[in-house]
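Structural overview
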Amino acid sequence: MVGSFWQHRSRLVLGFALIAGIRFGVLWLGRDSLSMDPDAYLALANAWRETVTFGRIDAQGTPVPTAYRPPLYPWVISWIPAPSDRVANPWWIMGLHGTLGIATCAATLAIGKRLGLPPLACWFAVFWVACDPILLRQSTLIMTETLATFLGAILWWWWLRDATVPRDRWSGHPLLLGIGMGLAVLCRPTALAWIVLWWSLALIEKRWRWVATCVLGMSFAMGPWGVRNAILIGEPIATTTHGGYTLYLANNPVLYRHWQSSVSREWDEEAFHARWRVERSQSANLD
């Protein structure tokens, strides 16, 4: 029995050592991109650290509040020490993204076990997540995908755990799960689509109290964000550009014309942004 335990533990350690090597190896190879800020998350984090305002700093040095980006990831990296030139410390970002990637793989293993999958299938899923090319690429950028994937995996595991609670028994888990759901939306608002699906399934199963408790927990996490936006921006904004604009960015006439002549993902975004500015000015008077 003892030998079996240590054999299983050694496989676990060996498996996650390999996963750590894959994740941190890719981060090391892509370390130059960890100093870039393509979506201004680092700029938001710096402004938050320096002015206690989630927003941009204008030419006069005045912080301007914004709800253009979701706040959770900039808040997380705002705790990372930054040099005086306000460029990200790539070693801290590497440690954060590498740890989140390994934790996501651990959550995937826990999900597989919760679903009752055989060990081989569980480990296949784990290494699929560990080697996913999109996740690996995004982990080398200062962007939300790595944190969002981790939160999604944790929520999936927690939802499966709560699904085993008898319907006639109340537990505090749905409240914490709801808070986690709110954090996931504050990281990438597209998480809301999955959350609605989970709630719909629970309602079909007549788990009314479970859904109500989840909604309460989610309101605890997202309520302050909506109140803050109502006060500083004038509208109780709940989501951000990770919705219609992001969908349009990947599905627009400029990109379609590019694909008619090339299969490359490298396209001239300036033409799209120029078109977008015209469309925004034309719709400025619409409600």
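Heads up: the structure comes first, above all this text.
One structure accompanies this document, and this report is about it. Just so we're clear, the structure is a prediction, and the values are computed from it rather than from any experiment.

Focus on the overall build of the protein chain
When you go through the protein chain residue by residue, the secondary structure sums to 13 helices and two strands. Seen along its three principal axes, the alpha-carbon backbone of the protein chain occupies a region of about 70 × 45 × 45 Å. A separation threshold of at least 6 residues defines the contact pool for the protein chain, and within that pool the share at least 24 residues apart is 68%. Summed over its atoms, the accessible surface of the protein chain is roughly 16700 Å², and 67% of this surface lies on carbon and sulfur atoms. Counting 24 positive and 18 negative side-chain charges, the protein chain places the centres of these two groups 11 Å from one another.

Considerations on the layout of surface pockets
The volume enclosed by the largest pocket comes to roughly 1400 Å³. Mapped by element, the contributors of at least two residues to the lining of the largest pocket are helix H2 (41-51), strand S1 (55-57), strand S2 (63-65), helix H6 (133-139), helix H11 (244-249), helix H12 (253-261) and helix H13 (269-282). Approximately 720 Å³ is the volume found for the second largest pocket. In terms of lining, the second largest pocket is formed by 25 residues, of which the most central are Thr149, Gly152, Ala153, Trp156 and Trp194. Looking at the lining of the second largest pocket, the elements that each hand over two or more residues are helix H4 (90-114), helix H5 (119-131), helix H7 (145-163) and helix H9 (191-204). Here the lining of the second largest pocket takes seven residues from H7, the largest share from any one element. Here the residues of the lining of the second largest pocket sort into 17 nonpolar, six polar and two charged.

A closer look at the packing of aromatic side chains
Evaluated as defined, the whole model comprises 13 aromatic pairs. The interplanar angle of 90° and the centroid separation of 5.7 Å between the aromatic rings of Tyr41 and Tyr73 together place this pair among those described as edge-to-face. Linking Tyr41 in helix H2 with Tyr73 in helix H3 (residues 72-77), this pair joins segments that are 32 residues apart in sequence. Exposure class is identical for Tyr41 and Tyr73. Each is buried. Counting every residue linked through ring pairs, the aromatic cluster contains Tyr248, Trp267, Phe272 and Trp276. Lying across the ring of Trp28, Arg31 places its NZ or CZ 3.8 Å from the centre.

Some words on the nonpolar core
Residues Ile77, Leu147, Leu177, Met181, Trp199 and Trp210 are the most contacted members of the largest nonpolar core, which totals 42 residues. Secondary structure elements with two or more residues in this core: H2, H3, H4, H7, helix H8 (173-187), H9 and helix H10 (208-232). Ignoring anything within four residues of it in the chain, the contact list for Trp199 reads Met181, Trp210, Val211, Cys214, Val215 and Met218. Listed in part, the nine residues of the second largest apolar core include Phe16, Cys105, Val129 and Leu135.

Notes on empty space enclosed by the protein
The full count for this structure, using the stated rule, is two cavities of 30 Å³ or more. Each pocket or cavity is described by its volume, and for the largest cavity that value is around 60 Å³. Every residue along the wall of the largest cavity is listed here: Arg23, Leu100, Gly101, Thr104, Leu135, Gln138, Ser139, Glu145, Thr146, Thr149 and Phe150. Of all the elements in the fold, those that place two or more residues in the lining of the largest cavity are H4, H6 and H7. At four residues, H7 tops the list of elements feeding residues into the lining of the largest cavity. In terms of residue class, the lining of the largest cavity is made up of three nonpolar, six polar and two charged.

Some thoughts on the packing of H4 against H5
Remark: H4 packs on H5, axes separated minimally by 9 Å, with the N-to-C direction vectors making an angle of 155°. Classified by the angle their axes make, H4 and H5 are roughly antiparallel. Pair H4 / H5 crosses with right-handed handedness. Between H4, through Thr104, Cys105, Thr108, Leu109, Gly112 and Lys113, and H5, the contact on the second element is made entirely by Cys122, Trp123, Ala125, Val126, Val129 and Ala130. Looking at side-chain class alone, the contact of H4 with H5 contains eight nonpolar, three polar and one charged residues.

Scoring rules and cut-offs
- Residues numbered from 1 in each chain as written.
- Predicted model: local features only at pLDDT ≥ 70, side-chain atom pairs only at ≥ 80, totals over all residues.
- Heavy atoms only, no water.
- Helix = DSSP H or I, 4+ residues; strand = E, 2+ residues; numbered from the N terminus.
- Contact = heavy atoms within 4.5 Å.
- Areas by Shrake-Rupley, 256 points an atom, 1.4 Å probe, with all protein chains shown as cover.
- Lys, Arg positive; Asp, Glu negative; His and termini not counted.
- Charge placed at Lys NZ, Arg CZ, Asp CG, Glu CD.
- 1 Å grid on protein atoms, 1.4 Å probe; cavity = no way out; pocket = protein on both sides within 12 Å on 5 of 7 lines; lining within 4 Å.
- Points joined across faces, edges and corners; volume = space filled by probe spheres on them.
- Nonpolar A, V, L, I, M, F, W, Y, C, P; charged D, E, K, R; others polar.
- Phe/Tyr/Trp six-rings, centres within 6.5 Å; stacked < 30°, edge-to-face > 60°.
- Buried < 20%, exposed > 50% of the residue type's maximum accessible area, 1.4 Å probe, protein only.
- Lys NZ or Arg CZ within 6 Å of the ring centre and 35° of its normal.
- Core = buried A, V, L, I, M, F, W, Y, C linked by side-chain atoms within 4.5 Å.
- Axes fitted to C-alpha atoms, helices over the stretch in contact; angles between N-to-C directions.
- Parallel < 35°, antiparallel > 145°, perpendicular 65-115°, else oblique.
- Left-handed = near helix turned anticlockwise from the far one by under 90°.

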